[in-house]
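# Examination of the molecular architecture
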Amino acid sequence: MRFDVITLFPEVIEKTASMGVVGRAISSDKIQLKTWNPRDFTEDVHRRVDDRPFGGGPGMVMKIEPLRKTIQSAVEFVKESTKVIYLSPQGRRLDQQGVNYLSQFSRLVLLAGRYEGIDERLLDDYIDEEWSIGDFVLSGGELPALVLMDAVARTLPGVLGHECSANEDSFIAGLLDHPHYTRPDVFDGVAVPDVLLTGDHKKIATWREKQALGKTWQKRPDLLEKIELSKHQQSLLDEYIQEQNNLKS
Ligand code: 4G3
């Protein structure tokens, strides 16, 4: 999969994307990444990329012409069809379902805005989709672009070490993740759950599913309303709730 990121801060994108899971995906050519700086598409001596908003008020707006040229150059750089995505608080809220949707495209151009955003006419004519990583405002779209790239990259075949680990993770099945433990087997007097030391993989899988259901019920009950539990899952959750009640009384 190919990402082209349009940004006034290409180093932020390149440095961050060079590390960890995404960095390895780039090194092994499972992901291609190129950054595009609108400042390189200015023609005035001052290389201006911002301008004052019509109607007045505080803050600046990204200049329309350098951005249009940057988007067009990025889109035309490879023949492959592409979706042009703008990261903004006004966009569709990104969740794992949205991530899976975006991962079907072989190429995404991500526009990371600065200042108060971009001219509305660019949005209408040059942007295919507007996405948000959450209901808060940041000083730029770079972190949202990195968040989107990371989440999409993890869904691509061969990007995670363990082929199936993306699917077992939080949210993929619509549930929160189960708890994790590592050595030592007793820490601050608290022992690891016995079942995890039995080596009985079937029992461990059942325990983990029950924990995932229980943690979701405790911390994010809204997620349970969105999915249909199997009979088996419902009885695991019932057991979990019963055990919680027993602990309390
Ligand atoms: C456009 C995205 C871009 C308009 C970008 C601010 C948060 C998100 C920006 C605007 C951003 C998000 C840049 N902040 N929630 N800042 O995904 O008002």
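These lines cover the structure that appears in this document, whether it is placed above or below. What you see is a predicted model, and the numbers here were worked out from it, not measured in a lab.

## What about the packing of helix α1 (residues 10-17) against helix α6 (residues 142-155)?
The contact between α1 and α6 brings their axes to 10 Å, and the two run at 30 degrees. In terms of orientation, α1 lies roughly parallel with respect to α6. Relative to α6, the crossing made by α1 is right-handed. Across the interface between the two elements, Val 12, Ile 13, Thr 16 and Ala 17 of α1 pack against Glu 142, Leu 146 and Met 149 of α6. Within the contact of α1 with α6, the residues separate by chemical class into 5 nonpolar, 1 polar and 1 charged.

## Quick notes on the site of the ligand
Among the 17 residues in the neighbourhood of the ligand, the closest are listed as Tyr 86, Ile 133, Gly 134, Phe 136 and Leu 138. A distance of 3.2 Å is found between a nitrogen atom of the ligand and a side-chain nitrogen or oxygen belonging to Ser 132. One nitrogen or oxygen atom from the main chain of Leu 138 is found 2.9 Å from a nitrogen atom belonging to the ligand. Against a free-state accessible area of 420 Å², the protein chains account for coverage of 94% of the ligand. Taken atom by atom, the bulk of the ligand overlaps the second largest pocket. Taken together, the residues that form the shell around the ligand break down as 8 nonpolar, 8 polar and 1 charged.

## Concerning the packing of aromatic side chains
Per the counting criterion, the structure on display carries 5 aromatic pairs. With 6.4 Å between their ring centres and 80 degrees between their planes, Trp 217 and Tyr 240 make a pair best called edge-to-face. Of this pair, Trp 217 sits in helix α8 (residues 201-219) while Tyr 240 sits in helix α10 (residues 231-248), and the two are 23 residues apart along the sequence. Look at Trp 217 and you get partly exposed, because its relative accessible area is 30%.

## Brief notes about unusual backbone geometry
Here Arg 183 and Pro 184 are connected by a cis peptide whose omega angle stands at 5 degrees. If you trace the backbone, Pro 184 turns up in the loop between α7 (165-168) and β8 (186-187). Located in the positive-phi region is Tyr 115, a residue other than glycine, with phi close to 60 degrees. Relative to the helices and strands, Tyr 115 is located in the loop between β6 (107-112) and α5 (120-126). Positive phi is not limited to glycine here, since Asp 188 has a value of about 50 degrees. Within the element layout of this structure, Asp 188 appears in the loop between β8 and β9 (190-191).

Thresholds, definitions, all that
- Residues numbered from 1 in each chain as written.
- Predicted model: local features only at pLDDT ≥ 70, side-chain atom pairs only at ≥ 80, totals over all residues.
- Heavy atoms only, no water.
- Axes fitted to C-alpha atoms, helices over the stretch in contact; angles between N-to-C directions.
- Helix = DSSP H or I, 4+ residues; strand = E, 2+ residues; numbered from the N terminus.
- Parallel < 35°, antiparallel > 145°, perpendicular 65-115°, else oblique.
- Left-handed = near helix turned anticlockwise from the far one by under 90°.
- Contact = heavy atoms within 4.5 Å.
- Nonpolar A, V, L, I, M, F, W, Y, C, P; charged D, E, K, R; others polar.
- Near = heavy atom within 4 Å.
- Polar contact = N/O pair within 3.5 Å; in protein donor to acceptor, adjacent residues only side chain to side chain.
- Areas by Shrake-Rupley, 256 points an atom, 1.4 Å probe, with all protein chains shown as cover.
- 1 Å grid on protein atoms, 1.4 Å probe; cavity = no way out; pocket = protein on both sides within 12 Å on 5 of 7 lines; lining within 4 Å.
- Sits in = over half its atoms within 2 Å of the grid points.
- Phe/Tyr/Trp six-rings, centres within 6.5 Å; stacked < 30°, edge-to-face > 60°.
- Buried < 20%, exposed > 50% of the residue type's maximum accessible area, 1.4 Å probe, protein only.

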